[in-house]
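# Secondary and tertiary structure notes
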Amino acid sequence: MRHRFWKFRTVLVVISALVFALARASAAAEVHANPLHSDPTVQEAYRHFYVLDYPACIALLQKVHADHPGDPVATTFLLEAEVFAELYRQDLLDTTFYANDGFLTGKHPTPEDTGARDRIFALEEEVEREAGAHLSHNPHDVDALYARGWARSLRSSYTAMVQRSFSAAFHMALQAHSDEAKVLQIDPDYLDAKLVVGTYQYVIGALPWGFKLLFGFAGITGSKTRGMEMLHDDFAHAPMTSTEAGTVIALFQRREGKYKEAIAVVRSLEAKYPHDFLFCLEEANLLKDAGEGMAAATAYQTLLNQAAKPGYFPSAHLELAYFGLGEALRGQRHFAEAAQAYEQAAWTQGSGAELKRRSLVAAGKARDLNGERSLAVRDYQAAIGTGSDTTQGEIARKLIKTPYREE
C-alpha cells in the first residue's frame, strides 16, 4: 500500500499503528482453497514439482486423478504438471526469453511433441466437462470455476509459448480471467484466483496507450498497480499459487528494470526450494541484467558446479546456465570465453531448438568480435542448419555475408 509522508510524529505513530493492525487482520483472515490441495499425495507431488522433478510429480498426480473421478481440481493438478514438464523440456521456462518483447515478434518455431500436446489438450477438455457438470448444478461453485479458469490459463500458455498462436492464446486467456474474476466476486478470500486476475491486470495495464485505448473500447481494462497488489497478496498468503505468483512478480520487475526487488523475491523462492535449478538460474540472470557482469558469471559457474554434484538438482538444464554465462562474459568483453559458453549451450544434450539457434548465432557474433571469422561462419552455418526459416536463421544468413560488428 502507498504511504504518504506526514510531518507530525504523533500522526506517524497513529498511522503506523493502523497499518500494523490492518496487516495483522489480513494475515489472520481465513484464506479459502480447495481441500484437495491439503491431500498428502498432492503435497508430495508438488514437492517434486518445485524441484522440477516432473516425472515423479506426474506419477503421483495421475494417482490423485484416478482416485478423484469427475473432480476438475484433480484433473487441473495433473494438467499443470504436464504443461510445465513440456515447457521445461523445450527450454521455455527461462525468463530470459520473456524479459523483453522479442518473443512476441519474429519466427521462433519449436518442434511440437504431438503426444504431449494431445495429453495436454485432452486434460484441459476434461476439466471443461467436469467443471461444466458441477456448474450446471451450482453456478457459484468456486472450486469448479477456479479449476476451469486455471486450466484455460494453462492451455493459453501452451498455445502461446509452444504453438506461437497468440490470437488463440489471448482468447483463452480472456476466458480464464473471466472465471477467476468470478471466483473472487463470489469469494474474495479465494486468493489463488488472484494469480490469473493479477497477471491479467498487470499485462493490460502495461500495454502502450494506443492498445489500451483499443482494448478499452472492447471493455478490456487493467492496471499495473492493481495487478501487482493482487500478485503480492497471492505471493504472501495464497495456499496453492504463492510460488507461481512470486515467479511472475520477479519477471515483471525484471522487465521494468527493478532488479534489486526481483532478486529479493527470487532469493526468497530459492530459500524455500534450494534445489530448484530455475530459481538459482534466475538470480544469476538478474545479476547479469543489473549490469553486475562478473558477479553474474560467478553465479552461473557456481550453478554449473552445483549441478555437477550428484543429486543436487533433481533436474538441471545446463544449456540455460551456459547461455547465461555466455551473455555475462560477452558483456564483459571476454569474447573467446563467451563463444565457448554459447557453443556449450548449443551442443549440450537436450538443448531446445530455439535456444540452440540463439546460442549458435550469439557464439558466431562473439567469434566475429574476437577476430575468429572462420569459427564464426561455422557457428552461423550450424544455426541455419537447425532452422533456416526462423528469425535466428535469417540473422545467421546475413552474418555469413557480413561479419558482425558492435554498433
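Residues numbered from 1 in each chain as written. Predicted model: local features only at pLDDT ≥ 70, side-chain atom pairs only at ≥ 80, totals over all residues. Heavy atoms only, no water.

## Here we look at the overall build of the protein
Our working definition: A run of H or I in DSSP counts as a helix once it spans at least four residues, and a run of E counts as a strand once it spans at least two, with each numbered from the N terminus. Working definition: with a 1.4 Å probe on protein chains only, accessible area under 20% of the residue-type maximum means buried, over 50% means exposed, and in between means partly exposed. The Shrake-Rupley method, run with a 1.4 Å probe sphere, supplies the accessible areas, and residue values consider only the shown protein chains as cover.
Helix and strand content of the protein: 19 helices and zero strands. Put simply, the protein has 407 residues, and 49% of those count as buried. By element, 57% of the accessible surface of the protein is carried by carbon and sulfur atoms, the whole surface being about 19300 Å².

## Observations concerning the packing of aromatic side chains
Condition: Two rings from Phe, Tyr or Trp (for Trp, the six-membered ring) form a pair when their centres are within 6.5 Å of each other. A pair whose planes differ by under 30 degrees is stacked, one over 60 is edge-to-face, and the rest are tilted.
Per the counting criterion, the structure on display carries 15 aromatic pairs. On the numbers, 5.1 Å between centres and 85 degrees between planes, the contact of F49 with Y50 is edge-to-face. When the centroid spacing of 5.5 Å and the interplanar angle of 85 degrees are considered together, the rings of F277 and F313 count as edge-to-face. With F277 in helix α13 (residues 277–289) and F313 in the loop between α14 (293–307) and α15 (318–331), the pair connects residues that are 36 residues apart, well separated along the chain. By the burial criterion, F277 is buried, and F313 matches it.

## Some thoughts on the nonpolar core
Stated formally: Throughout, nonpolar core names a set of buried Ala, Val, Leu, Ile, Met, Phe, Trp, Tyr and Cys residues whose side chains join them through atoms within 4.5 Å. Residues count as neighbours in contact if any of their non-hydrogen atoms are within 4.5 Å of one another.
Grouped together as the largest cluster of nonpolar side chains are 96 residues, with contacts concentrated most on L61, F77, F277, L278 and L281. Those residues in contact with F277, other than ones at most four positions away along the chain, are L52, Y88, L303, F313, S315, A316, H317, L318, L320 and A321. Among the nonpolar cores identified, the runner-up in size contains nine residues, and A346, V361, A376 and A383 belong to it.

## Quick look at the packing of helix α18 (residues 373–385) against helix α19 (residues 391–401)
The line we're drawing: Helix axes use the C-alpha atoms of the stretch in contact, all axes being lines fitted to C-alpha atoms, and the angles between their N-to-C directions lie in the range 0 to 180 degrees. The scheme is simple: roughly parallel for angles under 35 degrees, roughly antiparallel for over 145, roughly perpendicular for 65 to 115, oblique for anything else. If you view the pair so one helix is near and one far, a crossing is left-handed when the near helix is turned anticlockwise from the far one by less than a right angle, and right-handed when it is turned clockwise. In this classification, the charged set is Asp, Glu, Lys and Arg, the nonpolar set is Ala, Val, Leu, Ile, Met, Phe, Trp, Tyr, Cys and Pro, and all remaining amino acids, among them Gly, are polar.
In the contact formed by α18 and α19, the axes pass within 8 Å of each other and the chain directions differ by 150 degrees. The angle between α18 and α19 places the two elements in the roughly antiparallel class. For the pair α18 and α19, the crossing hand works out as left-handed. Contact residues: α18 offers R373, Y380, Q381, A383 and I384, while α19 offers G393, A396, R397, L399, I400 and K401. Each residue belonging to the contact of α18 with α19 can be placed in one class, and the counts come to six nonpolar, two polar and three charged.

## Structural notes on the side chain of S351
We apply this condition: Definition of a polar contact: a pair of N or O atoms within 3.5 Å, with one able to donate and the other able to accept a hydrogen when the atoms are protein atoms, and with sequence-neighbouring residues admitted only if both atoms are side-chain atoms.
Assignment of secondary structure puts S351 in the loop between α16 (335–347) and α17 (353–369). The exposure class of S351 is buried, given its relative accessible area of 11%. For S351, the side chain forms a polar contact with the main-chain oxygen of A345, separated by 3.1 Å. With near-sequence residues (within four places) excluded, S351 lies in contact with D91, E319, A345, A346 and K356.

## Examining the packing of helix α5 (residues 114–137) against helix α6 (residues 142–161)
Interhelical geometry of α5 versus α6 gives an angle of 155 degrees and a closest axis separation of 9 Å. Of the possible angle classes, the one that applies to α5 and α6 is roughly antiparallel. Crossing angle aside, the handedness with which α5 passes α6 is left-handed. On α6, the residues that touch R117, I120, F121, E124, E125, V127, E128, A131, H134 and L135 of α5 are A144, L145, A147, R148, A151, R152, R155 and Y158. Considered class by class, the residues forming the contact of α5 with α6 number ten nonpolar, one polar and seven charged.

## Concerning the environment of R405
Note that R405 resides in the segment after α19. Taking the C-alpha atoms as reference points, R405 and L369, 36 residues apart in sequence, are found 6.5 Å from one another. Apart from residues no more than four positions distant in its own chain, R405 is found in contact with D368 and L369.

## Considering the environment of A206
Of note, A206 is situated in the loop between α8 (194–205) and α9 (209–217). As a C-alpha pair, A206 and G222 span 16 residues in sequence and 8.2 Å in three-dimensional space.

## A word on unusual backbone geometry
In most cases, non-glycine residues show a negative phi, while peptide bonds are predominantly trans. Even without a glycine there, the phi angle at R164 is positive, about 60 degrees. Along the chain, R164 turns up in the loop between α6 and α7 (166–186). Judged by its relative accessible area of 17%, R164 is buried. Located in the positive-phi region is R333, a residue other than glycine, with phi close to 70 degrees. Along the polypeptide, R333 turns up in the loop between α15 and α16.

## Here we look at the confidence of the model for the protein
Convention followed: Think of pLDDT as the predictor's per-residue confidence, scored from 0 to 100.
For the protein, mean pLDDT is 87; residues scoring 70 or higher make up 86% of the total. Ranking the elements of the protein by mean pLDDT puts helix α1 (residues 9–28) last with 31 and helix α3 (residues 54–67) first with 98.

## Quick notes on the pattern of salt bridges
So the rule is basically this: The term salt bridge refers to a pairing of a side-chain nitrogen on Lys or Arg with a carboxyl oxygen on Asp or Glu at a separation within 4 Å.
Within the structure shown, the criterion is met by 26 salt bridges. Here E86 ties to R89 by a salt bridge, and the two come within 2.7 Å at their closest N and O atoms. Taken as a pair, E86 and R89 lie in helix α4 (residues 72–89) at a separation of three residues, close to a single helical turn. Note on E86: relative accessible area 5%, which makes it buried. Overall, the relative accessible area of 39% leaves R89 in the partly exposed class. Ionic pairing is found between R373 and D368, a salt bridge with its closest N-O pair at 3.0 Å.

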